[in-house]
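Listed here are the chains, written in short residue letters.
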Amino acid sequence: MTTTPSRGRRRAPSRIERAAGKAAALQKPRVILAGLLLLALTSVMLLDGYLRAEVGGDQRVRTGASASEVPDDILDGGPILTFRGGRATTVSVPDKTIALTFDDGPNPTWTPQVLEILEKYDVPGTFFLVGSMVSRYPGIVKDMVDQGNEVGIHTFTHVDLSYQSDARVDREMEQTQLALAGAAGITTTLFRAPYSSKTDAIDNYSWPVYQRLGEDGYTSVFVDTDSDDWKRPGVADIIEWATPEDGKGASVLFHDAGGERSQTIAALPTYIKKMKAAGYTFTTISGAMQQERAAARESSGQQQAAGAGATDEAAAGAAGAAGAGAADGAVGGLQAAHREATGVPLYEGKALVAAVAVAEWTVPTLSVGLAVVGVAVMGRFGMMLILARRHHRKRNRRRFSWGPTVTRPVSVIVPAYNEKECIANTLESLARSTHPIEIIVVDDGSTDGTSEISREAAEALGMTNVRVIRQENAGKPAALNNGVRNASCDIVVMMDGDTVFEPDTVRHLVQPFADPKVGAVAGNAKVGNRNTVIGAWQHIEYVMGFNLDRRMYDLLRCMPTIPGAIGAFRRDAVLEVGGMSEDTLAEDTDITIAMHRAGWNVVYQEHARAWTEAPGSLRQLWSQRYRWSYGTMQALWKHRKSLTDKGPSGRFGRVGMPLVVLFQIVTPVFAPLIDVFTAYSMIFIDFRASLLAWLAVLGVQLVCAAYAFRLDREKYRYLLMMPLQQLAYRQMMYLVLIHSCITALTGGRLRWQKLKRTGEVGTPAGVS
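Now for a description of the structure that goes with this document.

Quick word on the overall build of the protein
Then comes step 1: A count of helical and extended segments in the protein gives 25 helices and 20 strands.
Then comes step 2: For the protein, the residues scored as buried account for 54% of the 768 residues in total.
Then comes step 3: Long-range pairs, those at least 24 residues apart, make up 82% of the contacts in the protein between residues at least 6 apart in sequence.
Then comes step 4: Accessible area of the protein: about 32800 Å², with a carbon and sulfur share of 55%.

With respect to unusual backbone geometry
Then comes step 1: In this structure, the amide linkage connecting glycine 105 to the following residue, proline 106, adopts the cis form with an omega of 0°.
Then comes step 2: Checked against the element boundaries, proline 106 lands in the loop between strand 3 (97-105) and helix 3 (111-120).
Then comes step 3: In this structure, aspartate 228 takes a positive phi of about 50° despite not being glycine.

A word on the packing of aromatic side chains
Then comes step 1: For the coordinates displayed, the defined rule picks out 9 aromatic pairs.
Then comes step 2: Centroid distance phenylalanine 83 to tryptophan 207: 5.8 Å. Interplanar angle 40°. Geometry classified as tilted. Placement of phenylalanine 83 in the loop between strand 1 (80-82) and strand 2 (89-91) and of tryptophan 207 in helix 7 (residues 207-215) is noted, with a sequence separation of 124 residues between them. Taken as a pair, phenylalanine 83 and tryptophan 207 share a single burial class, namely buried.

Remarks on the sheet that holds strand 16 (residues 491-494)
Then comes step 1: Across the sheet, which stays open at both edges, the 8 strands sit in the order 15-14-13-16-19-18-20-17 with mixed pairing between neighbours. At either margin of the open sheet sits one strand with a lone partner, and together these are strand 15 (466-471) and strand 17 (499-501). In this sheet, adjacent strand axes meet at a mean angle of 30° when their direction is disregarded.
Then comes step 2: Sheet topology places strand 18 (residues 518-527) next to strand 19 (residues 567-570); 3 bridges connect them, and they run antiparallel.

Some thoughts on the packing of helix 13 (residues 343-395) against helix 24 (residues 687-711)
Then comes step 1: At a closest axis distance of 11 Å, the pairing of helix 13 and helix 24 adopts a crossing angle of 20°. In terms of orientation, helix 13 lies roughly parallel with respect to helix 24. Once helix 13 is placed against helix 24, the crossing between them reads as left-handed. The segment helix 13 lies against helix 24, with Met378, Phe381, Leu385, Ala388, Arg389 and His392 engaging Val697, Val700, Gln701, Cys704, Tyr707 and Leu711.
Then comes step 2: When its residues are assigned to classes, the contact of helix 13 with helix 24 shows 9 nonpolar, 2 polar and 1 charged.

What to know about the pairing of strand 3
The side chains of a regular strand alternate between the sheet's two faces.
Then comes step 1: Summarising burial for strand 3: 9 of the 9 residues are buried, a large majority.
Then comes step 2: Here strand 3 runs beside strand 10 (residues 250-255); their pairing, made up of 6 bridges, is parallel. Within strand 10, the residue paired with threonine 101 across the bridge is leucine 253.
Then comes step 3: Assessed by its sense of winding, the connection that carries the chain from strand 3 through helix 3 to strand 4 (residues 126-129) is right-handed.

Let's talk about helix 14 (residues 423-431)
Then comes step 1: Among the residues of helix 14, Ile423, Asn425, Thr426, Leu427, Ser429 and Leu430 are the ones counted as buried.
Then comes step 2: Along its buried surface, helix 14 packs onto strand 13 (410-416), strand 14 (437-444), helix 15 (450-460) and strand 17.

Topic: the packing of helix 6 (residues 166-184) against helix 13
To describe two helices that pack against each other, one gives the angle between their axes and the distance between the axes.
Then comes step 1: Look at helix 6 against helix 13: their axes get within 7 Å of each other, and the N-to-C directions meet at 85°. Compared by their axis directions, helix 6 and helix 13 come out roughly perpendicular. Counted together, Gln175, Leu178, Ala179, Ala181, Gly182 and Ala183 of helix 6 and Pro345, Leu346, Glu348, Gly349, Lys350, Leu352 and Val353 of helix 13 form the full contact between these two elements.
Then comes step 2: By residue class, the composition of the contact of helix 6 with helix 13 is 8 nonpolar, 3 polar and 2 charged.

Some words on the pattern of salt bridges
Then comes step 1: Across all of its chains, the model carries 27 salt bridges by this definition.
Then comes step 2: One salt bridge connects aspartate 490 with arginine 408, and the closest N-O pair in it is separated by 3.1 Å. Of this pair, aspartate 490 sits in the loop between helix 16 (476-486) and strand 16 while arginine 408 sits in the loop between helix 13 and strand 13, and the two are 82 residues apart along the sequence.
Then comes step 3: Classification of aspartate 490 as partly exposed rests on a relative accessible area of 37%.
Then comes step 4: By relative accessible area, which is 33% here, arginine 408 ends up partly exposed.
Then comes step 5: For aspartate 590, the salt bridge goes to lysine 638, with nearest N and O atoms at 3.0 Å. One end of the pair, aspartate 590, is in helix 20 (residues 587-597); the other, lysine 638, is in helix 21 (residues 618-638), and 48 residues separate them in sequence.
Then comes step 6: Accessibility expressed as a relative area gives 33% for lysine 638, which makes it partly exposed.

Focus: the nonpolar core
Then comes step 1: Met494, Met544, Tyr553, Phe569, Met595 and Met722 are the most contacted members of the largest nonpolar core, which has 69 residues in total.
Then comes step 2: Looking at this core, the element that brings in the most residues is helix 24, giving 8 residues.
Then comes step 3: The next biggest cluster of nonpolar side chains, apart from the first, holds 64 residues, and it includes Tyr137, Val141, Leu180 and Leu213.

Brief notes about a nonpolar patch on the surface
Then comes step 1: On the surface, Val661, Leu662, Val666 and Phe670 cluster together to form a nonpolar patch covering roughly 250 Å² of accessible area.
Then comes step 2: Mapped onto the elements, leucine 662 comes out in helix 22 (residues 647-670).
Then comes step 3: The class for leucine 662 is partly exposed, based on a relative accessible area of 32%.

Points about helix 7
Then comes step 1: The set of residues buried in helix 7 consists of Trp207, Val209, Tyr210, Leu213 and Gly214. The buried residues of helix 7 occupy one face: seen down the axis, they fall within an arc of 160°.
Then comes step 2: In this structure, the buried residues of helix 7 make contact with helix 2 (72-75), strand 1, helix 6, strand 7 (190-191) and strand 8 (219-221).
Then comes step 3: Following helix 7 by one or two positions, glycine 217 has its phi on the positive side, about 100°.

Some points on the pairing of strand 4
Then comes step 1: Residues Thr126 and Phe128 point to one face of strand 4 and Phe127 and Leu129 to the other, with burial holding for every one of them.
Then comes step 2: Note: strand 3 against strand 4, 4 bridges, orientation parallel. Residue pairing for strand 4: aspartate 103 is matched across the bridge by phenylalanine 128.
Then comes step 3: Pairing of strand 4 with strand 5 (residues 150-153), which is carried by 4 bridges, proceeds in the parallel orientation. Note that in strand 5 the partner of threonine 126 across the bridge is glutamate 150.

Points about the environment of proline 668
Then comes step 1: Mapped onto the elements of the fold, proline 668 is located in helix 22.
Then comes step 2: In the structure, proline 668 is positioned 63 residues away from glutamine 731 in sequence and 9.6 Å away in space, judged by C-alpha atoms.
Then comes step 3: Apart from residues lying up to four places away in sequence, proline 668 is in contact with Leu662, Phe663, Tyr734 and Leu737.

Calculation criteria
Residues numbered from 1 in each chain as written. Predicted model: local features only at pLDDT ≥ 70, side-chain atom pairs only at ≥ 80, totals over all residues. Heavy atoms only, no water. Helix = DSSP H or I, 4+ residues; strand = E, 2+ residues; numbered from the N terminus. Buried < 20%, exposed > 50% of the residue type's maximum accessible area, 1.4 Å probe, protein only. Contact = heavy atoms within 4.5 Å. Areas by Shrake-Rupley, 256 points an atom, 1.4 Å probe, with all protein chains shown as cover. Phe/Tyr/Trp six-rings, centres within 6.5 Å; stacked < 30°, edge-to-face > 60°. Pairing = 2+ DSSP bridges. Axes fitted to C-alpha atoms, helices over the stretch in contact; angles between N-to-C directions. Parallel < 35°, antiparallel > 145°, perpendicular 65-115°, else oblique. Left-handed = near helix turned anticlockwise from the far one by under 90°. Nonpolar A, V, L, I, M, F, W, Y, C, P; charged D, E, K, R; others polar. Right-handed = clockwise from strand over helix to strand, strands pointing away. Salt bridge = Lys/Arg side-chain N within 4 Å of Asp/Glu carboxyl O. Core = buried A, V, L, I, M, F, W, Y, C linked by side-chain atoms within 4.5 Å. Patch = residues over 30% accessible without salt bridge, like charges linked within 9 Å, V, L, I, M, F, W, Y side chains within 5 Å. Arc of directions from axis to C-beta.

Here it is as structure tokens:
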């Protein structure tokens, strides 16, 4: 029976063709969007790593260097170093005055407690903040400034600047200024170098850094008295070590971050009360400079209004370095180093804080996702090994039988669209079938002579049981439905036009129908063109990822997909569920779920093998897997009501569907997180430990794959390609799935895509 389309004037595009055109126009933007998502994820991880000093961190601390180039009056001077007028000058804290300073914050646990103590005792402090911490905890910094405390820069990543290039020094300062602008709307001219102490510790390596920052308008702050609270020596020792000698003024160092600071919190109230009782007053660094300046002018008879000189002294020339305004931008005497951030620096700072907030939320979430994926992946491997073994032992027992041997003829439906390279091999393999069959080739509007080649091959092979039906191009589901309608047998076998069967394939495939509860049977699809790298990758995936999965799903009675390359159905059951639907791109998944919901059992027959030609290029592979993954999502969404149904439909909805979503969508989407975090850890954290962890996961996968190969009696040599498959192939599958998710979310549709065939997969004799 042959029908041909009418000839003459050019026909108008069909609905499917119009939809395909619209979908094609939307693919490039979706690919770009998927790429942007990956770029955003990478950027977020790098930003988070930079904030935590995992990316670009430098733990070197210089000690024991010479100070021969540092002026003696600097080494012996006060703790405040300025470069007003280009000349280095030190300023001391006045007697009976304490400039209380805190390093390494803000910290969400300890800094708020410090601020509470300072507010309670009406004491101002000067906090030297790490920019990365400022960007992570902007609210604490805003409260700190609003409370009247002064802030200074302690670099962005807490590195020893004496080791860094000029560009790195500039970046550390500028990024911290931006963080301050985004957090509190200010910039500052105060600076304290990490790992610094008293001025006599300045050496030939750090001195040029201070000079350069001084030229940019920064005031560098050191200490007179160090509480050494970071050593956690005990509350009494912290108080004693923080107490200046003989009533002298001092810049006193505490820490509000960088470790466990409960002793600091305990010591601080006692220390403040002790110093006040001894007649001390507390001020900020700018306040100390103001007092010293005022005292110097008073002694020389040039006393000026309080606070006027402090602004000049604390921040001369700082406008260029900190994005600050003129002197009238100062907030006040105790915060004279602050400048109001305006314009571009303000908005850049807010953008930085916002980006960090995203990173702070994203990376921990991904970490949780990684843990979930890790458990799911390992759980899946465990389930596959246990259930696949049970399935193999159950189905390969000597006494196992589906029931009376099925010997009646069956119909084999071969949908074909431009399959001139393969259709002859397909028919040749069917000609050797040991089971009686009728063959229906449905040519879906091919333009390469597929129909003629089919007839010629059937005639050459002496096959009188072949019918060729030609229809206008309507898609694979329509072709299959046409074949079902024209089938004369009660069992129909469906296969692809590029697939070849072994002689006993059909006989094995139809035996489960001896059980009247069985409505459909999934066969064992094999990759025929496995001698290329891409073919070997897919061969591993078919044996491990598909067939091992099917054993598991078979025992759980929730097989999600009968492969289009080899599957068998009761004809009445197919018609009962409405035939092959055109609602999704994965008609094989759609019809399988529909069979479950109708109450039919769907089983896996491992001995029914079919050899298919897998995509031979990455582009073709992408196209095929894109259609598969997107079609699976469509099918799951279409049958979502099974989640609340009763009976067989509800059983699949509450057992099969969650497993499919978890193992075929969620886990594959997030599985590359293992590789992403591994690569990140290898580069920025611990290469050896990360490599060992990755190899351990690979080892588990190899064990599963080896067992799957053993069950299918495949040669193990292909497993040598598995490490490379994990590095490259899995990432591509991840991108495909992300692309599919985006397509699903944006409502796109795809057509039945035709892959380029070579016809190299012939009859399976001799194929290993």
